[in-house]
Amino acid sequence: MNRIESYQVGDTAHIEHLITADDIDKFVELTGDDNRLHVDADYAKKTSFKGVVAHGMLGASFISTIIGKHIPGDGALWVSQNLQFLLPIRIGDKLTIAAEVIHVQKRQKLLTLSIKIINQHKQLVQTGESQVKVLDLEESKIKMEQELQKKVVLVTGGATGIGAAVSALLANEGYHVLINYRNNKMGAENLKQEILAQGGSAKIFQADVTHRESVEKMVQATIREFGAVTALVNNATSKIIPQEFDTLEWDDIETHLRVQIQGAFNCITCVIPELIKHQGSVVNVSTIYTSSTPPAKLSGYIMAKAAIEALTKSLAVEYGPQGVRFNTVSPGMTETALIADIPEKVRLLTAAQTPLKRLAQPENIAHAIAFLLSDQAQHITGENLKICGGSVMI
Amino acid sequence: MEEKVKEIMSLIFNVDIEDITEDSSPDNLENWDSLRHMNFVNALEEEFDIELTDEQVTEMMNFKLVLAVLKEISPSSA
């Protein structure tokens, strides 16, 4: 609603003020008007006023107060004023400055106020009319600033494992979260309900990130629902199935490339106009094994992860000038369903060989991603943050 | 198997059996040094009638990994 709508003829407000010698001194200091009628008692006695008179505009200055703080208060633009000085104001006078709305021009958003300044003897000392514009600008600006501060993240593969931890954490940090899933609708729905129950904001969207059209629809739905996309987490990944190289078909390799590279490509290209608009940020999820000796038989997975790190750096350079940041996180082995097929002994060995003597929890990775998306990381781009308990130190 | 391993560890590393947990390792058992580790390996081989490879010996980096290695060798004992 326009603020002008809330005013009607007859609305009133008033303030009171006791005029002191100090007021006059301050007015002289401010304006430089040290006319002897105001500051020289001997001189003033010899005039027809028979004593010191306060500056007429000192009394009138309180019209500014009543407009600026009461009618209409914030958002007031004082556009015109006429004044009649009827009686002198003297030190010790207690003034009542009263304003009454006498005309409302809704289209022009103008209020006309009748101003009456009365002394303690109920004498009208000044009178006039003010015209004040009631601005909606400030509210619009605040709303616009709120829109700019709005944080909306799209998390691919956001229903399970690291993706679920990221979705939950970012929702808790005030993001509107679009949880993308491919097959796990129940997991996505349950996560959404958990977020909503904690007062967060989340929606789920089924999309295979390798399908361009699906991703376009998902991004459009996010913008429609939340008004923007300010962050993207490319977390969707292909299943890790150890396979000897000489048994691989190209399709096996391509599956990893499609999900991780084509998927990230689709998502980034669809959201990049939004990210430029909102100075957004992208975090791609890789693996520590691109920086260290990788486990055997995971060539397709490792190859795709190495490629996404290269993509991150390339886009950090390309979009840095437009204010969009790209970073990678490289988790060590993390306790998720993704490692279900990895033998227990390998998991135990990995933990034992890690300085912190444990595998990562999804939440550990989520906190690193949240940091990279946040303003605290506003000067970090093209970085690859390792979250591996110290197993790789470069 | 778990209790038997704990008994051997208690004996070799000179520690109360109650103090051996699934997180026990050379990091928190003072006496689990390289020399006693070999004594521990010998005792395990004798107790379970097995022969551990060099790789398995180095993999036994904590109590849980000792069990994992032993289960790998004789799954039926798990």
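Up top is the structure.
Residues numbered from 1 in each chain as written. Chains lettered and ligands numbered in written order. Predicted model: local features only at pLDDT ≥ 70, side-chain atom pairs only at ≥ 80, totals over all residues. Heavy atoms only, no water.

**Q** Before we go on, may I ask you to explain the overall build of chain B in this structure?
**A** Within chain B, the secondary structure is distributed over four helices and zero strands. The order of helices and strands in chain B, counted from the N terminus, is α-α-α-α. Projected onto the principal axes, the alpha-carbon positions of chain B cover approximately 30 × 25 × 20 Å. Evaluated residue by residue, chain B yields a buried proportion of 41% over its 78 residues. Excluding contacts between residues fewer than 6 apart, the proportion of contacts in chain B whose partners are at least 24 apart in sequence is 51%. (Helix = DSSP H or I, 4+ residues; strand = E, 2+ residues; numbered from the N terminus. Buried < 20%, exposed > 50% of the residue type's maximum accessible area, 1.4 Å probe, protein only. Contact = heavy atoms within 4.5 Å.)

**Q** Sorry, what's going on with the interface of chain B and chain A here?
**A** By a frequent convention, interface size equals the accessible area lost on bringing the separate parts together. Counting residues at the interface gives nine residues for chain B and six residues for chain A. For the chain B face of the interface with chain A, the top three residues by lost area are Glu-59, Met-61 and Leu-65 of chain B, together amounting to 51%. The interface formed by chain B and chain A holds three salt bridges in total. Inspection of the chain B/chain A interface yields three residue pairs in polar contact (both at pLDDT 80 or more). When grouped by side-chain class, the residues that make up the side of chain B that touches chain A number four nonpolar, one polar and four charged. (Buried area = accessible area lost by both parts, 1.4 Å probe. Salt bridge = Lys/Arg side-chain N within 4 Å of Asp/Glu carboxyl O. Polar contact = N/O pair within 3.5 Å; in protein donor to acceptor, adjacent residues only side chain to side chain. Nonpolar A, V, L, I, M, F, W, Y, C, P; charged D, E, K, R; others polar.)

**Q** Whenever I open this one, the sheet that holds strand 12 (residues 384-387) of chain A confuses me. Can you help?
**A** Backbone-to-backbone hydrogen bonds pair the strands of a sheet. The strands run either parallel or antiparallel. All names here are of chain A. Taken in spatial order, the seven strands make up an open sheet running 8-7-6-9-10-11-12, and their pairing is parallel. With partners counted over all chains shown, the strands left at the sheet margins are strand 8 (201-206) and strand 12, one partner each. Put simply, the sheet's adjacent strands are angled 20° from each other on average, direction ignored. Across the sheet, helix 7 (residues 185-197) touches strand 7 (176-181) and strand 8, and the angle it forms with strand 8 is around 170°. (Pairing = 2+ DSSP bridges. Axes fitted to C-alpha atoms, helices over the stretch in contact; angles between N-to-C directions.)

**Q** Just checking my understanding: could you explain empty space enclosed by the protein for this structure?
**A** One simple way to see leftover space: roll a probe sized like a water molecule over the atoms. Residue and element names in this part refer to chain A. Evaluated as defined, the whole model comprises one cavity of 30 Å³ or more. Each pocket or cavity is described by its volume, and for the largest cavity that value is around 70 Å³. What lines the largest cavity is Thr-156, Val-209, Asn-234, Ala-236, Val-259, Gln-260, Gly-263, Ala-264, Cys-267, Val-285, Lys-305 and Ile-308. If one sorts the elements of the lining of the largest cavity by residue count, helix 9 (residues 250-278) sits on top with five residues. Considered class by class, the residues forming the lining of the largest cavity number seven nonpolar, four polar and one charged. (1 Å grid on protein atoms, 1.4 Å probe; cavity = no way out; pocket = protein on both sides within 12 Å on 5 of 7 lines; lining within 4 Å. Points joined across faces, edges and corners; volume = space filled by probe spheres on them.)

**Q** Would you take a moment to explain helix 2 (residues 34-48) of chain B for this structure?
**A** Since the α-helix packs 3.6 residues into each turn, any two residues three or four apart lie on the same face. All names here are of chain B. Taking 1.5 Å per residue as the helical rise, helix 2 with its 15 residues ought to reach 21 Å, and the 21 Å between its terminal C-alpha atoms agrees with that figure. Residues of helix 2 that are buried include every one of His-37, Phe-40, Val-41, Leu-44 and Glu-45, and no others. The buried side chains of helix 2 occupy one side of the element, clustering within an arc of 135° when seen end-on. Facing away from the buried side of helix 2, by more than 90 degrees, are the exposed residues Leu-35 and Glu-46. Two residues or fewer after helix 2 comes Asp-49, characterised by a positive phi angle close to 55°. (Expected span 1.5 Å × (residues − 1). Arc of directions from axis to C-beta.)

**Q** In this structure, what is going on with the pattern of salt bridges? I would like to understand it.
**A** Between side chains of opposite charge, a pair can form as their charged atoms come close. This model, assessed by the stated rule, comprises 13 salt bridges over all chains. With a shortest N-O distance of 3.8 Å, Lys-203 of chain A and Glu-225 of chain A are connected by a salt bridge. With Lys-203 of chain A in strand 8 and Glu-225 of chain A in helix 8 (residues 212-226), this pair connects stretches of sequence that are 22 residues apart. Since its relative accessible area comes to 33%, Lys-203 of chain A is described here as partly exposed. Glu-7 of chain B is the salt-bridge partner of Lys-4 of chain B, the closest N and O atoms lying 3.2 Å from each other. Separated by three residues within a single helix, Lys-4 of chain B and Glu-7 of chain B lie in helix 1 (residues 2-13), roughly one turn from each other. Assessed through its relative accessible area of 30%, Lys-4 of chain B is described here as partly exposed. Judged by its relative accessible area of 41%, Glu-7 of chain B falls in the partly exposed class. Look at the salt bridges and you will find they share partners, linking Lys-345 of chain A together with Glu-59 and Glu-72 of chain B into a network.

**Q** What am I meant to see in the packing of helix 1 of chain B against helix 2 of chain B here?
**A** Each pair of packed helices gets described by two things: the angle between the helix axes and the distance between those axes. Residue and element names in this part refer to chain B. Interhelical geometry of helix 1 versus helix 2 gives an angle of 145° and a closest axis separation of 10 Å. Here helix 1 runs over helix 2; the crossing is right-handed. Contacts between helix 1 and helix 2 pair Lys-4, Val-5, Ile-8, Met-9, Ile-12 and Phe-13 from the former with Arg-36, His-37, Asn-39, Phe-40, Ala-43, Leu-44, Glu-47 and Phe-48 from the latter. Each residue belonging to the contact of helix 1 with helix 2 can be placed in one class, and the counts come to nine nonpolar, two polar and three charged. (Left-handed = near helix turned anticlockwise from the far one by under 90°.)

**Q** Honestly, the pairing of strand 5 (residues 124-134) of chain A in this entry has me stumped. Any pointers?
**A** Each regular strand carries side chains that alternate between the two faces of the sheet. Residues and elements named next belong to chain A. Across nine bridges, strand 2 (residues 76-85) lies against strand 5 in antiparallel orientation. Residue Phe-85 lies in a different strand from strand 5, and its bridge partner there is Gln-126. The pairing of strand 4 (residues 110-118) with strand 5 spans nine bridges and is antiparallel. Residue Thr-112 lies in a different strand from strand 5, and its bridge partner there is Gln-131. Adjacent in sequence and paired antiparallel, strand 4 and strand 5 are bridged by five residues, among which Lys-122 carries a positive phi angle near 65°.

**Q** Explain a negative patch on the surface to me, please; I cannot follow it from the model alone.
**A** Taken together, the side chains of Glu-2, Glu-3, Glu-22 and Asp-23 of chain B present a region of like negative charge at the surface. Looking at the secondary structure, you find Asp-23 of chain B in the loop between helix 1 and helix 2. (Patch = residues over 30% accessible without salt bridge, like charges linked within 9 Å, V, L, I, M, F, W, Y side chains within 5 Å. Areas by Shrake-Rupley, 256 points an atom, 1.4 Å probe, with all protein chains shown as cover. Lys, Arg positive; Asp, Glu negative; His and termini not counted. Charge placed at Lys NZ, Arg CZ, Asp CG, Glu CD.)

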